[in-house]
Amino acid sequence: MHQKLKLSFLDRYLTAWIFAAMVFGVVLGWLVPSVVPFLNRFSVGTTSIPIAVGLIVMMYPPFTKVRYE
């Protein structure tokens, strides 16, 4: 018995969500210029802490081989 797997709504439109987030960030930086200096306060040397935390959170499941079954 072959069961057809269906992607979730978020997974199906992941590319669209990524582009929407990029557009949102650019528009936010353009409309509210004070956001850029605020985010720059969370840097150590040349490392952006919000970006580093986001990358760690994003890469943790593949590193630990988490199964979402």
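Above this text is the structure in question.
Residues numbered from 1 in each chain as written. Predicted model: local features only at pLDDT ≥ 70, side-chain atom pairs only at ≥ 80, totals over all residues. Heavy atoms only, no water.

Novice: Whenever I open this one, the overall build of the protein chain confuses me. Can you help?
Specialist: Of regular secondary structure, the protein chain possesses four helices and two strands. Secondary structure elements in the protein chain, listed N-terminal to C-terminal, are α-α-α-β-β-α. The principal-axis extents of the C-alpha atoms in the protein chain amount to approximately 55 × 30 × 10 Å. Residues counted as buried form 1% of the 69 residues belonging to the protein chain. Summed over all atoms, the accessible surface of the protein chain reaches about 6,900 Å², with 72% contributed by carbon and sulfur. (Helix = DSSP H or I, 4+ residues; strand = E, 2+ residues; numbered from the N terminus. Buried < 20%, exposed > 50% of the residue type's maximum accessible area, 1.4 Å probe, protein only. Areas by Shrake-Rupley, 256 points an atom, 1.4 Å probe, with all protein chains shown as cover.)

Novice: How do you make sense of helix H4 (residues 49–64) when you look at a structure like this?
Specialist: Because an α-helix packs 3.6 residues into every turn, residues spaced three or four apart end up facing the same way. Taking 1.5 Å per residue as the helical rise, H4 with its 16 residues ought to reach 22 Å, and the 22 Å between its terminal C-alpha atoms agrees with that figure. Positive backbone phi, approximately 55°, marks lysine 65, located one or two places after H4. (Expected span 1.5 Å × (residues − 1).)

Novice: It is not clear to me how the packing of aromatic side chains should be interpreted in this structure. Could you clarify?
Specialist: Each aromatic ring pair is characterised by the separation of its centres together with the angle its planes make. A full pass over the atoms with the stated rule returns three aromatic pairs. Three or more aromatic residues joined by ring pairs form one cluster here, namely Phe9, Tyr13 and Trp17. (Phe/Tyr/Trp six-rings, centres within 6.5 Å; stacked < 30°, edge-to-face > 60°.)

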